[in-house]
Amino acid sequence: MVRITVWNEYKHEREYENIRKIYPEGIHGCIASFLKTEEDFTVRTATFDMPEHGLTEEVLQETDVLIIWSHALQDEFSDTVAERVQSHVLGGMGLIALHSAHFSKIMKRLLGTSMTLKWRHGDREKLWCIAPSHPIAKGIPEMIELSQEEMYGEFFDIPKPDDVIFNGWFSGGEVFRSGCTFSRGMGKIFYFQPGHEEYPIYFKPEIQQIIINAVRFCAPIGESRKKMECEKVEI
């Protein structure tokens, strides 16, 4: 079984009626619901307001893949918890960072760059699969059209990815490395751009399949994480 924790700030859905109508159970609830349809997945959720943001040492020890969505509370996120998550990724826990989670303390710590980019509200995106043989692209069409999405554009200040699987093209002409993998220590990381809170992106079957594939790709293999956790990881 792959043990998944889906983490979300759960701020926008509670404060804005238009967003709550799209995600009445929160973005984390939506993602958890389709992940639970996979027989080999066990899923829990956590949110910002929980003690230690719901990412205690015990929770992370019981997590094979952590999925995070963050936006408005990046600066308020605990440095201690960010360091804890970093340590677990280095020890073999998989990490999937969605949309504006690129700017989270967790991703900045792990990738070591500013993670800045260009952005603009309200656009149309064509998400092109440029690495169709990659496991995260399994069963994904050549192009996914998103009629409404927030534009993210280059330059995207990230270190060189292991793989770029998806490129986004926006109606304003901007392009973006929308799906990238990285390795840090024993852990695998996947960053995936689509998912602005004002649009029902995570209900789209192709987007759901990408996240499911990414969970399988990022999950630690065999005993690799257990072995790493027995050693001290230098941060």
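Note that the structure is a prediction, hence the values are computed from the model and not measured.

Student: How should the overall build of the protein be read in this particular structure?
Tutor: When its secondary structure is counted, the protein shows eight helices and nine strands. The globule rule puts the C-alpha radius of gyration for 235 residues at 18 Å, and the 16 Å found for the protein is close to it. Considering only C-alpha atoms, the protein reaches an extent of 50 × 40 × 35 Å along its principal axes. Taking the contacts inside the protein whose residues are at least 6 apart along the sequence as the reference set, 73% of them involve residues at least 24 apart. As displayed, the protein has an accessible area near 10500 Å², and 51% of this comes from carbon and sulfur atoms. Positive and negative side-chain charges in the protein, numbering 26 and 36 respectively, have mean positions lying 2 Å apart.

Student: Honestly, the layout of surface pockets in this entry has me stumped. Any pointers?
Tutor: A probe as big as a water molecule, rolled over the atoms, marks out the empty space that is left. The space that makes up the largest pocket amounts to roughly 230 Å³. For the largest pocket, the lining is made up of 14 residues, of which His71, Ser100, His102, Trp119 and Tyr152 are closest to its centre. The set of elements that each furnish at least two residues to the lining of the largest pocket consists of β5 (118–129) and β6 (143–153). Considering only residue class, the lining of the largest pocket consists of five nonpolar, eight polar and one charged.

Student: I would appreciate a short explanation of the packing of aromatic side chains in the present structure.
Tutor: One pair of aromatic rings is described through two measures. These are the centre distance and the angle between the planes. Under the definition given, this model contains eight aromatic pairs. With a centroid separation of 5.4 Å and an interplanar angle of 15 degrees, the aromatic rings of Tyr23 and Phe203 are classed as stacked. Placement of Tyr23 in the loop between α2 (17–22) and α3 (26–35) and of Phe203 in the loop between β9 (187–192) and α7 (205–218) is noted, with a sequence separation of 180 residues between them. Take Phe203: its relative accessible area is 42%, and that puts it in the partly exposed class. Relative to Tyr191, the ring of Phe156 has its centre 5.6 Å away and its plane inclined at 55 degrees; by these criteria the two rings are tilted. Of this pair, Phe156 sits in the loop between β6 and β7 (163–170) while Tyr191 sits in strand β9, placing them 35 residues apart in sequence.

Student: Help me understand α3, please; the structure alone is not making it clear to me.
Tutor: Given 3.6 residues per helical turn, the α-helix brings residues three or four places apart onto the same face. The element α3 is extensively covered by neighbouring structure, given that nine of its ten residues are classed as buried. Buried within α3 are the following residues: Gly26, Ile27, His28, Gly29, Cys30, Ile31, Ala32, Phe34 and Leu35. For α3, the elements touching its buried residues are β1 (2–8), α1 (12–15), β2 (41–47), β3 (65–69), β4 (94–98) and α7.

Student: Which parts of the structure should I look at to understand helix α5 (residues 79–90)?
Tutor: Between its first and last C-alpha, α5 extends 16 Å over twelve residues, near the 16 Å set by a 1.5 Å rise per residue. Taking the backbone nitrogen of Thr80 as reference, a side-chain oxygen 3.1 Å away marks Ser78 as the first, capping residue of α5. Phi turns positive, to about 125 degrees, at Gly92, one or two residues after α5.

Student: Just checking my understanding: could you explain the nonpolar core for this structure?
Tutor: By size, the foremost hydrophobic cluster in this structure holds 42 residues, and its most contacted members are Leu35, Ile67, Phe166, Phe190 and Tyr202. Setting aside chain neighbours within four positions, we find Leu35 in contact with Ile4, Val6, Phe41, Val43, Ile67, Ile211, Ile212 and Val215. Within the second largest apolar cluster, 34 residues are counted, among which are Ile68, Leu73, Val85 and Phe176.

Student: Please explain empty space enclosed by the protein as it appears in this structure.
Tutor: This structure, assessed with the given rule, holds one cavity of 30 Å³ or more. In this structure, the largest cavity occupies an estimated 70 Å³ of space. Every residue along the wall of the largest cavity is listed here: Trp7, Ile68, Ser70, Leu73, Gln74, Phe77, Ser104, Lys105 and Ile106.

Student: Before we go on, may I ask you to explain unusual backbone geometry in this structure?
Tutor: Peptide bonds are trans in most cases, and residues, glycine excluded, mostly fall at negative phi. Following Glu154, the chain continues to Phe155 via a peptide bond in cis, the omega torsion being 15 degrees. With respect to the secondary-structure elements, Phe155 resides in the loop between β6 and β7. A positive phi angle is found at His53, which is not glycine, with a value near 55 degrees. You can see His53 is positioned in the loop between β2 and α4 (57–61). With a relative accessible area of 8%, His53 lands in the buried category.

Student: What's the story with the pattern of salt bridges in this structure? I'm lost.
Tutor: If the charged atoms of two oppositely charged side chains come close together, the side chains can form a pair. Under the counting rule described, the total for this entry stands at 13 salt bridges. Note that Asp64 is salt-bridged to Arg3, the shortest N-O span being 3.0 Å. Of this pair, Asp64 sits in the loop between α4 and β3 while Arg3 sits in strand β1, placing them 61 residues apart in sequence. Arg3 sits in the partly exposed class, given a relative accessible area of 32%. Measuring nitrogen to oxygen at the nearest pair gives 2.4 Å for the salt bridge that ties Asp40 to Arg216. Of the two residues, Asp40 sits in the loop between α3 and β2 while Arg216 sits in helix α7, which places them 176 residues apart along the sequence. Its relative accessible area of 30% is what places Asp40 among the partly exposed residues. Where salt bridges share partners, they join Glu38, Asp40 and Arg216 into one cluster.

So, how was this worked out
Residues numbered from 1 in each chain as written. Predicted model: local features only at pLDDT ≥ 70, side-chain atom pairs only at ≥ 80, totals over all residues. Heavy atoms only, no water. Helix = DSSP H or I, 4+ residues; strand = E, 2+ residues; numbered from the N terminus. Rg over C-alpha atoms; globule rule 2.2 N^0.38 Å. Contact = heavy atoms within 4.5 Å. Areas by Shrake-Rupley, 256 points an atom, 1.4 Å probe, with all protein chains shown as cover. Lys, Arg positive; Asp, Glu negative; His and termini not counted. Charge placed at Lys NZ, Arg CZ, Asp CG, Glu CD. 1 Å grid on protein atoms, 1.4 Å probe; cavity = no way out; pocket = protein on both sides within 12 Å on 5 of 7 lines; lining within 4 Å. Points joined across faces, edges and corners; volume = space filled by probe spheres on them. Nonpolar A, V, L, I, M, F, W, Y, C, P; charged D, E, K, R; others polar. Phe/Tyr/Trp six-rings, centres within 6.5 Å; stacked < 30°, edge-to-face > 60°. Buried < 20%, exposed > 50% of the residue type's maximum accessible area, 1.4 Å probe, protein only. Expected span 1.5 Å × (residues − 1). Polar contact = N/O pair within 3.5 Å; in protein donor to acceptor, adjacent residues only side chain to side chain. Core = buried A, V, L, I, M, F, W, Y, C linked by side-chain atoms within 4.5 Å. Salt bridge = Lys/Arg side-chain N within 4 Å of Asp/Glu carboxyl O.

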